[in-house]
Amino acid sequence: MFPRLDVVAACLAASLSVASAQTFRRLGTCPTLGCVIPPDQQDFLPGQEFDIRFEVHAPKNGSEAFNNGVPDEAFTATISKNGGRARSIADFFKQKEPSLEKWTFSWYEDLFAQDAKTPSVVNVASKAYRRVALYEPGTYTVTLKYYSGKTTTAEWTVRPLATRKKAKNVIFFIGDGMTTNMITAARLLAHKTINGKYQTLLSLDDFPVLGHQMTHSVDTFITDSANSASALYTGHKSTVNALGVYADSSPDQFDDPKVETIVELLARIWGSAWGAVSTAFIADATPTALTGHSRARGQYGVLVDQALNGVRNYSWTKTYGPDAYFGGGAEQFIAGSGSYQGKDYYAEFANKGYSVSLNKTSLLAAPNNKKALGIFCRSNLPVWIDRHIFTDNLEINNDPSGANKSAKDLPGLKEMTLKAIDVLHNRGSKEGFFLMSEAASIDKQMHALDYDRALGDLLELDDTVRTTIEKLKSLRILDDTLIIVSADHGHGFDVFGSSDTKYFNAQTDERAKRKAIGVYEESGLSQYTEPKPGVSYGTGANFPLNWDPRYVIAAGLGANPDHREAYGVGSTPRTPASGRNGEYYVNDKDRPNGFVVNGTLPPSAGQGVHSLTDVPVYARGPCQETFGGTYSNIDVFYKIANCLGLAQGRNVTEGLRKRRN
Ligand SMILES: *[C@@H]1O[C@H](CO)[C@@H](O)[C@H](O)[C@H]1NC(C)=O
Ligand SMILES: *[C@@H]1O[C@H](CO)[C@@H](O)[C@H](O)[C@H]1NC(C)=O
Ligand SMILES: *[C@@H]1O[C@H](CO)[C@@H](O)[C@H](O)[C@H]1NC(C)=O
Ligand SMILES: *[C@@H]1O[C@H](CO)[C@@H](O)[C@H](O)[C@H]1NC(C)=O
Ligand SMILES: *[C@@H]1O[C@H](CO)[C@@H](O)[C@H](O)[C@H]1NC(C)=O
Ligand SMILES: *[C@@H]1O[C@H](CO)[C@@H](O)[C@H](O)[C@H]1NC(C)=O
Ligand SMILES: [Zn+2]
């Protein structure tokens, strides 16, 4: 059905000035001057706690200038269920009327305004209602009335979901930035074909159910890892850089309206154990989105504090520290460096009963009945290829104690994940556990256009999934455990042929080098699965036998900075572009024998960027059948929550009392 034309015309006229603001928005979720946050079209889990914020904007200047920049302080807001009687927010949620907040912010309406340095200034009046919940499924209409006669409405849907648990445990693997194309390429590198038939397969290939999730954030169609992780963990989409909150326009990066996450729900309702494992620094977005509530993912020190102690202000005072927390990122733990208030976070965790491991040997020896922290280096963990093939790259100053030496006794994703399972299984006991395990450097190496290092870490993820299934079987909990393997977003990447490195390197002319690329019938077969004469990496059946054959994959993506391309694995990690005066140009030191590929990104980008693609969701175990088909990233949360019986028809607080300490 088509909308009536006169209605369309009226809507267009009303939103004309707003619709022109695209690159920058005054506030992404708020096209009018009255903001309801959570905004229109949001879904909720029954009993999930969240904050509500209303904002009334008075642009002082710019194309939307209104009311001389004086915001309406007498705005009112109501909520009604299924079209019933509208009640004031305070009355409905049995809260005291909060006090009025006021602030000013500015934004650029477009790139011309940014070039001219003429921001539009907006004065705001606002109220926030903290920590409320909707228990009954249905449709709720929230109406904000302001400037005598203007209204903004938001429809919220509380989904009818299960209160009974169907899975005891959930293990959620996230290949950060991982797409189907990358999985296909990784299979080609590690598994041999004969006449087009694979002789062995990835462990992902054995999963019974495959779905697709759409990754848009709440206010942009390209997401980052913060808001996509929040969507997966809370059922609420957010804004780029935001974790566990809807972004508001206030200057405080911690007062944005929060939403309760899967681990906060699970600990509160069932008293289950939970853990996070990542090959990134542990303060990075994908692990901290489990517990973090801020619109600024870069507040690393605070985010580690929130993981341990919960949010301590804005009435969001729950403390559900992880039972297992393993990754890199010692900067946020060593006293004085990037840690919150300069404190020693190894000591902060130890004081709360954690074992603290700074290397693999000590991790494997840590007791399974105690909460466990493991931080194995500064920054991200070195990638699988550098830990196994190009080990010279481990000679860097990254020891987790802060000493000037290299971290050498490093666990990989597999060792961290298997140890986390031991700890969580032990501590979760009959209430089970939730584990998030992230292969972070698929994304990080795709950003650097270092495809081989990305695919090495993807194969490490696949190997980890395979051994996890074996481990669960040996613990006799495989049938009780829902395993999901998915991603948070993609990067444009595919393989389009092969490159003859011998011919490539023999050419001096950059254009002639491209003749080395074989497409279609000249693409040939994977040489990565043929043993390298005289060399054994000893890395097992699920990895290539030769990482640098003569004929390598020719691969690439469409969203890149200026760089040189040579194909094939580099013996050192890549830095494709180098910066001068805030713009990026070809880094001639990177792949110096390659040919120049000019960028397709803004000159301010020094790395590749995320892309729009849907990403795969592999599922096995209880509730697996609910993961087929195509759906939004928030549905991953609702499917898991449904399987864990996290919906609650009343305020439940006993889970926490049942288990903690
Ligand atoms: C709005 O006013 C501020 C000063 O308060 C000024 O800096 C800015 O350039 C003005 N913006 C526009 C779009 O006129
Ligand atoms: C649930 O109950 C606890 C304890 O009585 C209280 O602190 C909390 O605010 C309540 N939550 C909601 C959303 O009402
Ligand atoms: C709230 O807590 C965060 C740390 O979690 C802190 O940085 C922020 O300043 C606090 N805000 C207020 C208003 O106390
Ligand atoms: C690992 O950590 C333990 C405990 O801190 C320490 O005693 C041991 O020397 C470390 N081992 C290596 C190889 O660094
Ligand atoms: C770390 O030690 C190496 C030698 O082992 C030295 O070259 C380097 O300058 C030191 N770095 C710092 C930051 O002290
Ligand atoms: C890349 O762009 C620069 C201008 O920015 C141009 O001089 C050069 O010829 C281009 N190179 C290729 C290979 O397209
Ligand atoms: Zn990324």
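Bear in mind that the values here come from a model prediction, so they are computed numbers and not experimental data.

Draft legend 1. Looking closely at the coordination of the zinc ion (ligand 7). Coordination sphere of the zinc ion (ligand 7), protein contribution only: D443 (OD), D443 (OD), H447 (NE2) and H610 (NE2), at 2.0 to 2.3 Å. With 4 donor atoms in place around the zinc ion (ligand 7) and angles of 57 to 150 degrees between them, the coordination shape is irregular. Spacing between the donor residues of the zinc ion (ligand 7) along their common chain follows D-x3-H-x162-H. With D443 in helix α14 (residues 441-447) and H610 in strand β28 (residues 610-611), this pair connects stretches of sequence that are 167 residues apart. Accessibility classification places D443 together with H610 in one group, the buried group.

Draft legend 2. Molecular detail of the state of the cysteines. Counted according to the given criterion, the structure contains 2 disulfides. At a sulfur-sulfur separation of 2.0 Å, the disulfide partner of C623 is C643. With the S-S bond torsion at 90 degrees, the cross-link from C623 to C643 turns out right-handed. Within this pair, whereas C623 is found in the loop between β29 (615-620) and β30 (629-632), its partner C643 is found in helix α18 (residues 633-643), the two being separated by 20 residues in sequence. Comparing C623 with C643, the two get one shared label, buried. Here the cysteine-cysteine linkages of the protein chain are recorded as 1-2, 3-4, numbering only bonded cysteines and doing so in sequence order.

Draft legend 3. Molecular detail of the site of ligand 3. For ligand 3, the full set of nearby residues is D252, F254, V302, Q306, N313, Y314 and Y340. At a separation of 2.4 Å, an oxygen atom of ligand 3 approaches a polar side-chain atom of N313. When ligand 3 is considered free in solution it has 360 Å² of accessible area, and contact with the protein chains removes 58% of it. Class assignment for the residues of the shell around ligand 3 results in 4 nonpolar, 2 polar and 1 charged.

Draft legend 4. Layout of the side chain of T261. Checked against the element boundaries, T261 lands in the loop between α6 (225-234) and α7 (262-269). Overall, the relative accessible area of 0% leaves T261 in the buried class. Here L290 takes part through its backbone oxygen, which lies 2.6 Å from a polar atom of the side chain of T261.

Draft legend 5. Focus on the packing of aromatic side chains. For the structure shown, the criterion picks out 22 aromatic pairs. Between Y451 and F493, the ring centres sit 5.2 Å apart and the planes meet at 50 degrees, which makes this aromatic pair tilted. Here Y451 is found in helix α15 (residues 451-474), whereas its partner F493 is found in the loop between β20 (490-491) and β21 (494-500), with 42 residues between them in sequence. On the basis of relative accessibility, which here comes to 7%, the residue Y451 falls in the buried class. Ring centres 6.2 Å apart and planes at 80 degrees place the aromatic pair F496 and Y567 in the edge-to-face group.

Draft legend 6. Structural context of the pattern of salt bridges. This structure, assessed with the given rule, holds 37 salt bridges. With its nearest N and O atoms 3.7 Å apart, the salt bridge here joins R574 to E565. Residues R574 and E565 agree in their burial class; the two are buried. By sharing partners, the salt bridges in this structure join R53, E101, D248, D255, D256 and R295 into a single network.

Draft legend 7. Spatial organisation of the sheet that holds β30. One open sheet accounts for 10 strands, arranged β16-β17-β15-β14-β18-β10-β19-β29-β13-β30; its pairing is mixed. Of all the strands in the sheet, the pair left with one neighbour each is β16 (354-357) and β30. Going across the sheet, the axis of each strand differs from the next one's by a mean of 15 degrees, ignoring polarity. Both strand β14 (residues 273-281) and strand β18 (residues 433-439) contribute to a ladder of 6 bridges, which runs parallel. For S278, the partnering residue across the bridge sits in β18 and is E438.

Draft legend 8. Layout of the pairing of strand β8 (residues 138-146). With 7 of 9 residues buried, β8 lies mostly within the body of the structure. Taken together, the 9 bridges between β8 and strand β9 (residues 150-158) define a ladder with antiparallel strand orientation. Counted as the bridge partner of Y146 is K150 from β9.

Draft legend 9. Structural context of α6. The buried fraction of α6 amounts to 10 of the 10 residues, a majority that puts the element mostly inside the structure. Residues of α6 that are buried: S225, A226, N227, S228, A229, S230, A231, L232, Y233 and T234. The opening residue of α6, the one whose side-chain oxygen lies 3.4 Å from the backbone nitrogen of A226, is D224. Immediately downstream of α6, the backbone of G235 shows phi near 80 degrees, a positive value.

Draft legend 10. Summary view of the UniProt feature "binding site: Zn(2+)" (unreviewed entry) in the protein chain. Within this numbering scheme, the UniProt entry marks D176, D443, H447, D488, H489 and H610 as carrying the feature "binding site: Zn(2+)" (unreviewed entry). Of the residues just listed, which span 435 residues, no C-alpha pair is farther apart than 14.4 Å, and they cluster in one region. With respect to the secondary-structure elements, D176 resides in the loop between β10 (169-175) and α5 (180-190). Discounting chain neighbours no more than four positions away, the residues touching D176 are S225, T286, E438, A439, A440, I442, D443, D488 and H489. Within the structure, D176 has its side chain in polar contact with the side chain of T286 (distance 2.9 Å). For D443, a relative accessible area of 7% corresponds to the buried category.

Criteria and thresholds
Residues numbered from 1 in each chain as written. Chains lettered and ligands numbered in written order. Predicted model: local features only at pLDDT ≥ 70, side-chain atom pairs only at ≥ 80, totals over all residues. Heavy atoms only, no water. Donors = N, O, S within 2.8 Å, 3.2 Å for Na, K, Ca; no water. Tetrahedral: all angles 85-135°; square planar, octahedral: opposite > 155°, others 65-115°. Helix = DSSP H or I, 4+ residues; strand = E, 2+ residues; numbered from the N terminus. Buried < 20%, exposed > 50% of the residue type's maximum accessible area, 1.4 Å probe, protein only. Disulfide = S-S within 2.5 Å. Near = heavy atom within 4 Å. Polar contact = N/O pair within 3.5 Å; in protein donor to acceptor, adjacent residues only side chain to side chain. Areas by Shrake-Rupley, 256 points an atom, 1.4 Å probe, with all protein chains shown as cover. Nonpolar A, V, L, I, M, F, W, Y, C, P; charged D, E, K, R; others polar. Phe/Tyr/Trp six-rings, centres within 6.5 Å; stacked < 30°, edge-to-face > 60°. Salt bridge = Lys/Arg side-chain N within 4 Å of Asp/Glu carboxyl O. Pairing = 2+ DSSP bridges. Axes fitted to C-alpha atoms, helices over the stretch in contact; angles between N-to-C directions. UniProt positions renumbered as here; feature names shortened; annotations may be inferred. Contact = heavy atoms within 4.5 Å.

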